[in-house]
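# Per-entry structural report
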Amino acid sequence: MTKHGVRILAEGNSHSFGGEINQDTGLVKSIDWKQGMIIAMGVPILILPGIYDIAGTAWGLSIFIWTISVLQGFAQNLAIGEMAAALETPGIGGCAQKVFTKPNGGRYGLGRFIGAFTAWAYWFTWTPVIPIFTCTSVDYITKYLEYGLGMEPLSSTATLILQLVFGVTVFSLIVYVGSKGLSGGAKLGLILALVAILPLLVVVMMPLLGLTVGAGELSGFSLDRIFENLTPEGWGWGPGEFMMIFGMFAYAQWCACAWESAATYGAEYKTPGKDVPKALISAGLVCLALYFIVPFVVYGMMTPEQIESWGVSTLYPISQFDFGSIGLIVALILLVAGMVMLIQTAFLGSSRTLYFMGHEGNMPKMFTRTNKNGAPLVAMMFQFIMGIVFIIIIHFGSVGMILAASSFGFSFALGMGMLAFIVARRNPRFKDLPRPYKAPRGWFYVACFLMCYQFFVLIPCLAYWCINGGIENGVFSVIIGAVILLIYVPFWFVLQHKNAQEDEVCFLCKRSVEAYNMFVTKEKNLDADEKTDVMEEMDSLPVLQIGNAHVVLCPICYELTFGFSSNPDEKARGIKLDMSTDTKYRFNTRDDEEEKTETQ
């Protein structure tokens, strides 16, 4: 095709962009499978608000929902682990961007957008965890002040101030430790694991072993209590009830399947082929045990009415039954420590998702900046700010509303993660890629089923459950989830336009589109064929394809290179203009200097 008298020899992609995938992500390989597992060990604490939320719909039946959800996590997380180990990229978000982005597909390519949107959905999955459990931690603290110390309940303003102070303190600690690299985060995670996970097991196991003091309002563990309260009154097992159950499965997987975060650090394992599967399976086994034992004990010791009364603080009365009056202090320490550990898991995972999105050109490039330890500090500081903003939003809304909204993002991200695994197994670009770790035989078909399950069962049923009273302000949960996911669409297109303008620089004279247009309009550079007409401004520079490489040339340099000058002086002299400055264009030759001397 021809434009402005220029023969443009581009094939395929008509836009040049700097999103070429770099095998070196820039993150430091500093952790092994034990550290990856430890970082993911905050995930079991996710069950605490979920027990209360699901109890209002399913009662004791939710024990099975939690357990089956973890088993579902094994099915999908093994596939995610294979991709993360083979591509050495951060989890679902990083893998989706690599798999769906086609070479020379253009900055606005469909595959590029799908990968970016999947990463955004995954980011939306983890980011609300930070403020949700900051506010939940403060809720445990205020309940201790009220029930343990006998203080009056805090006012709304005082609660908000406490939430912000707690958030700033915890976020600052995580950023400081995280700035030392993932190995430093793993050390903090180990400390918090010993403080949180082990006491959590002690609290829930003691009633089963009969080693309690029997204090407080509870009367002990009973299997009959579970069977008597297995389902709510009027439960009919009709289509509506089944849709509610699958809606709860979508909500529960936000908690029970989140240990896939161990694969988020795929680019930072020393030996991904060995470390990724070990970290995933170890974290999954721990979650399987806890996600069965914790709800089993809670529903065996408390009636639905008691769970409703205590809200997310269901382990308070159980700790009191175990240890007496000191139980409230034990519960406070272990739960707050566990939630800080979970905040750290979400903080590190979401910041690395932002880092890789910036690396692929799907978020501003500033998110790719790392310190000497390979920690993405800019992305972490952004998470710090977003955490504070969400704390304020949650304070005037509700935790459950944001959690349900975030579940939509996780369901979409998991569905796209399965699709990415399917593509990676069959696409010629990836099917022969060395796989240090490979999911079990037949996992391709498992991923196909799980993809359909997420898109056509869980997401619609989650909306049905929210709207029909499964969560407080359920309609707003659906709206918020849709708005936050879709708001990325116009942002992505604006970002691509901005990046395209920055990236489209002439290979020879380094002129950008803006510099070229300014030269054409202000300097009156006339086309050689049409002396009286000023050349039109261009939206993008022409691209010359040489083999698999794309070389961007502005029209002037293109015509000079191939013997067609659009500038009369250039055509007469056969010499390219010096474009080193924005305000003055000069010939870079000795003749020019001699001409200046003669003029003087």
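Residues numbered from 1 in each chain as written. Predicted model: local features only at pLDDT ≥ 70, side-chain atom pairs only at ≥ 80, totals over all residues. Heavy atoms only, no water.

### Topic: the overall build of the chain
How we decide: Segments assigned H or I by DSSP are reported as helices when at least four residues long, segments assigned E as strands when at least two residues long, and all are numbered from the N terminus. Burial here depends on accessible area, computed with a 1.4 Å probe over protein chains only, as a share of the maximum for the residue type. Under 20% is buried, over 50% is exposed, and the range in between is partly exposed. All accessible-area figures derive from a Shrake-Rupley calculation using a 1.4 Å probe, and residue coverage is judged against the displayed protein chains alone.
When helices and strands are counted, the chain shows 23 helices and six strands. Buried residues in the chain amount to 58% of all 600 residues. Accessible surface computed for the chain: about 24500 Å², of which carbon and sulfur atoms make up 62%.

### Considerations on helix 7 (residues 156-178)
The condition is simple: The length a helix should cover is 1.5 Å for every residue beyond the first.
The first and last C-alpha atoms of helix 7 sit 32 Å apart over 23 residues, in line with the 33 Å expected at 1.5 Å per residue. Turning to helix 7, its buried residues are Thr159, Leu160, Gln163, Phe166, Gly167, Val170, Phe171, Ile174, Val175, Val177 and Gly178.

### Some details on the packing of helix 5 (residues 110-126) against helix 14 (residues 327-359)
Each pair of packed helices can be described by the angle between their axes along with the distance between the axes. Counted only if it meets this: Angles run from 0 to 180 degrees between N-to-C directions of axes, and those axes are lines fitted to C-alpha atoms, restricted for helices to the stretch in contact. Just so you know how the angles are binned, under 35 degrees is roughly parallel, over 145 roughly antiparallel, 65 to 115 roughly perpendicular, and the rest oblique. In this scheme, a crossing is called left-handed if the near helix is turned counterclockwise away from the far one by less than a right angle; it is called right-handed if the turn is clockwise. Contact between two residues is taken to exist if any of their heavy atoms lie within 4.5 Å; hydrogens are not considered. Following the grouping adopted for this structure description, the nonpolar residues are Ala, Val, Leu, Ile, Met, Phe, Trp, Tyr, Cys and Pro, the charged ones are Asp, Glu, Lys and Arg, and the polar ones are all others, Gly among them.
Closest axis-to-axis distance for the helix 5/helix 14 pair is 9 Å, and the angle between their directions is 160°. By the criterion of interaxial angle, the relationship of helix 5 to helix 14 is roughly antiparallel. Considering how the two elements wind past one another, helix 5 and helix 14 form a crossing that is left-handed. The residues of helix 14 that touch helix 5, namely those facing Ala116, Ala119, Trp120, Tyr122, Trp123 and Trp126, are Leu342, Thr345, Ala346, Ser350, Thr353, Leu354 and Met357. Grouping the amino acids of the contact of helix 5 with helix 14 by side-chain chemistry returns 10 nonpolar, three polar and no charged.

### So, helix 18 (residues 474-486)
Put simply, the rule is: An arc is given here, and it is the one of the directions from the helix axis to the C-beta atoms.
With 13 residues, helix 18 should cover 18 Å at 1.5 Å per step; its first-to-last C-alpha distance of 18 Å lies within 8% of that length. Considered for burial, the residues of helix 18 that qualify are Gly474, Ser477, Gly481, Ile484 and Leu485. Seen from one end, helix 18 has its buried residues packed into an arc of 95°, which puts them on one side.

### Some words on the packing of aromatic side chains
As a reminder, the rule being used: Only centres within 6.5 Å qualify two rings of Phe, Tyr or Trp (six-membered ring in Trp) as a pair; their planes then separate them into stacked at under 30 degrees, edge-to-face at over 60, and tilted for everything else. Criterion for a charge above a ring: Lys NZ or Arg CZ within 6 Å of the ring centre, and within 35 degrees of the ring normal.
Applying the stated criterion across every chain, the model contains 28 aromatic pairs. Taken together, a centroid distance of 5.7 Å and an interplanar angle of 55° make the contact between Trp237 and Phe242 tilted. Following the ring pairs from residue to residue traces out a cluster consisting of Tyr108, Phe113, Phe117, Phe412, Phe455, Trp492 and Phe493. When the ring centre of Phe444 is taken as reference, the NZ or CZ atom of Arg426 above it lies at 3.9 Å.

### Observations concerning the pattern of salt bridges
Any two side chains of opposite charge can pair, given that their charged atoms come close. Short version of the rule: Whenever a carboxyl oxygen of Asp or Glu lies within 4 Å of a side-chain nitrogen of Lys or Arg, that contact is scored as a salt bridge.
Scanning the model with the defined rule gives four salt bridges in all. Among the salt bridges present, the one from Glu82 reaches Arg425, with a minimum N-O distance of 3.0 Å. Residue Glu82 is located in helix 3 (residues 62-87), and its partner Arg425 is located in helix 16 (residues 399-426); the two are separated by 343 residues in the primary sequence. Take Glu82 and Arg425: they sit in the same class, and that class is buried. Residue class for Glu82 comes out buried when judged on its relative accessible area of 1%. Where salt bridges share partners, they join Glu82, Arg425 and Arg435 into one cluster.

### Some details on the side chain of Gln76
Checked against the element boundaries, Gln76 lands in helix 3. Beyond its immediate chain neighbours, meaning those up to four positions away, Gln76 contacts Gln253, Cys257, Leu414, Met418, Leu450 and Gln454.

### Some points on unusual backbone geometry
Of note in the backbone geometry, Trp59 takes a positive phi value of approximately 55° without being a glycine. Note on placement: Trp59 falls in the loop between helix 2 (47-58) and helix 3. Residue class for Trp59 comes out buried when judged on its relative accessible area of 18%. Phi is positive for Trp237, which is not a glycine, with a value near 55°. Along the chain, the position of Trp237 falls in the loop between helix 9 (223-228) and helix 10 (239-256). For Trp237, a relative accessible area of 45% translates into the label partly exposed.

### Some thoughts on a nonpolar patch on the surface
Rules: Patch membership requires over 30% relative accessible area and the absence of a salt bridge. Like charges are linked within 9 Å, and nonpolar side chains (Val, Leu, Ile, Met, Phe, Trp, Tyr) within 5 Å.
A contiguous nonpolar patch, built from Ile467, Val475, Phe476, Ile479 and Val483 and spanning about 460 Å² of accessible area, is present on the exposed surface. Looking at which element gives the most residues to the nonpolar patch, the answer is helix 18, with four residues. In this fold, Phe476 is placed in helix 18.

### Points about the nonpolar core
For the record, the criterion: Nonpolar cores are built from buried Ala, Val, Leu, Ile, Met, Phe, Trp, Tyr and Cys residues. Side-chain atoms within 4.5 Å join them into one set.
Among the nonpolar cores identified, the biggest contains 162 residues, and Leu46, Phe133 and Tyr291 are the most heavily contacted of them. In this structure, Tyr291 is in contact with Val43, Pro44, Leu46, Ile47, Trp66, Thr67, Val70, Cys255 and Ala256, ignoring residues within four places of it in sequence. One finds Cys509, Val513, Leu541 and Leu544 within the second-largest nonpolar core, a separate group that totals 15 residues.

### Side note on the packing of helix 3 against helix 17 (residues 443-470)
Orientation of helix 3 relative to helix 17, taken along the N-to-C sense of each, is 120°, at an axis distance of 10 Å. Classed by the angle they form, the pair helix 3 and helix 17 counts as oblique. In this structure, the crossing between helix 3 and helix 17 has a hand that is left-handed. Residues Gln72, Phe74, Ala75, Gln76, Leu78 and Ala79 of helix 3 form the contact with helix 17, whose participating residues are Trp443, Val446, Leu450, Tyr453, Gln454 and Leu458. Here the residues of the contact of helix 3 with helix 17 are counted per class, giving nine nonpolar, three polar and no charged.

### A short note on the environment of Glu504
Mapped onto the secondary structure, Glu504 falls in the loop between helix 19 (488-503) and helix 20 (513-522). Glu504 sits in the buried class, given a relative accessible area of 2%. When the C-alpha positions of Glu504 and Val543 are compared, they lie 9.3 Å apart, and in sequence the two are 39 residues distant.

### Describing the side chain of Thr136
Among the secondary structure elements, Thr136 is positioned in helix 6 (residues 129-148). Of the residues examined, Thr136 reaches a relative accessible area of 4% and is grouped as buried. Residues in contact with Thr136, not counting those within four places in the same chain, are Val312, Met339 and Val399.

### Remarks on the confidence of the model for the chain
Selection rule: Within a predicted model, pLDDT stands for the predictor's per-residue confidence, ranging from 0 to 100.
When the pLDDT values of the chain are averaged, the result is 78; 79% of them are 70 or greater. Per-element mean pLDDT across the chain ranges from 30 in strand 2 (residues 6-7) up to 94 in helix 17. Note that pLDDT drops below 50 for residues 526-534; the model gives that stretch 18 contacts with residues more than four away or on any other chain. Within the model, the stretch residues 579-597 combines pLDDT values under 50 with 30 contacts to residues more than four positions away or in other chains.

### Thoughts on the environment of Ile226
Structurally, the position occupied by Ile226 is in helix 9. Taking relative accessible area as the criterion, Ile226 reaches 6% and is therefore assigned buried. Distance from Ile226 to Phe296, taken between C-alpha atoms, is 8.1 Å for residues 70 residues apart in sequence. Discounting residues that sit within four places of it in the chain, Ile226 has contacts with Ile63, Phe221, Phe296, Tyr299 and Gly300.

### A word on the state of the cysteines
The test is simple: In what follows, a disulfide is any cysteine sulfur pair within 2.5 Å.
A full pass over the atoms with the stated rule returns zero disulfides. The cysteine Cys448 is free of any disulfide, with Cys452 supplying the nearest cysteine sulfur at 7.1 Å. Owing to a relative accessible area of 24%, Cys448 belongs among the partly exposed residues under this scheme.

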